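A look at the structure
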Amino acid sequence: MGTLRILRVYDDPEPDEFRVLVDRLWPRGIKKDRVDLWLKEAGPSTEVRNAFHHQAERFDEFRKDYTAELEHNPAVEELRQVAAQHEKVVILFGAKDPQLNQAAVLLDYLNGSSR
């Protein structure tokens, strides 16, 4: 598997990185050419996302709920396949907080630290 990292979709990735957006909603102001693959199914469900509402005090519960969803989400395997096909993959997210977001949870999950 190639290297994985996360990055806010509004920031510039390295030129050789394959860019995967994992938000269920397309981020405002972002052109399609900034993303190589939109894997919206990898994002948290509307219910889990709305319960979190990007409030830091709700992040632990969000992590737990989203991780439970990832256990049965076929998009996770698709993301693993993408990572196997590309040397460098950047997982893009639209949230303002660089640490308390779904991409951080997803990266931890893929790296085995959330299981």
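This structure is a prediction, so every number in the text was calculated from the model and none was measured.

Quick notes on the rules
Residues numbered from 1 in each chain as written. Predicted model: local features only at pLDDT ≥ 70, side-chain atom pairs only at ≥ 80, totals over all residues. Heavy atoms only, no water. Buried < 20%, exposed > 50% of the residue type's maximum accessible area, 1.4 Å probe, protein only. Helix = DSSP H or I, 4+ residues; strand = E, 2+ residues; numbered from the N terminus. Contact = heavy atoms within 4.5 Å. Polar contact = N/O pair within 3.5 Å; in protein donor to acceptor, adjacent residues only side chain to side chain. Phe/Tyr/Trp six-rings, centres within 6.5 Å; stacked < 30°, edge-to-face > 60°. Lys NZ or Arg CZ within 6 Å of the ring centre and 35° of its normal. Axes fitted to C-alpha atoms, helices over the stretch in contact; angles between N-to-C directions. Parallel < 35°, antiparallel > 145°, perpendicular 65-115°, else oblique. Nonpolar A, V, L, I, M, F, W, Y, C, P; charged D, E, K, R; others polar.

This brings us to helix α4 (residues 102-110). Three- or four-residue spacings in an α-helix give side chains the same orientation, since the helix completes a turn every 3.6 residues. In terms of residue burial, α4 counts as a mostly covered element, since eight of its nine residues are buried. Those residues of α4 that fall on the buried side of the exposure criterion are Gln102, Ala103, Ala104, Val105, Leu106, Leu107, Tyr109 and Leu110. Lining the buried residues of α4 we find β1 (3-8), α2 (59-70), α3 (74-85) and β4 (88-93). The N-cap residue of α4 is Asn101: its side-chain oxygen and the backbone nitrogen of Ala103 are 2.9 Å apart.

Enumeration according to the criterion identifies five aromatic pairs in this entry. Ring geometry for Phe59 against Phe62: centres 5.9 Å apart, planes inclined by 40°, an arrangement best described as tilted. With a gap of three residues between them, Phe59 and Phe62 both fall in helix α2, about one helical turn apart. A single burial state applies to Phe59 and to Phe62, both of which are buried. An aromatic cluster is defined as three or more aromatic residues linked by ring pairs; in this entry it consists of Phe52, Phe59, Phe62 and Tyr66. For the cation-ring pair, Lys32 lies above Trp26, with the distance from its terminal atom to the ring centre recorded as 4.1 Å.

Turning our eyes to something else, we now look at the environment of Glu69. In this structure, Glu69 sits in helix α2. Given the relative accessible area of 27%, Glu69 is considered partly exposed. Along the primary structure Glu69 and Val48 are separated by 21 residues, whereas in three dimensions their C-alpha atoms are 9.1 Å apart. Once residues within four sequence positions are removed from consideration, Glu69 is found in contact with Pro44, Ser45 and Val48.

What follows concerns the packing of α3 against α4. Here α3 crosses α4 at 75°, and the two axes come no closer than 12 Å. Of the possible angle classes, the one that applies to α3 and α4 is roughly perpendicular. Contacts between α3 and α4 involve Val76, Leu79 and Arg80 from the first element and Leu106, Tyr109 and Leu110 from the second. Considering only residue class, the contact of α3 with α4 consists of five nonpolar, no polar and one charged.

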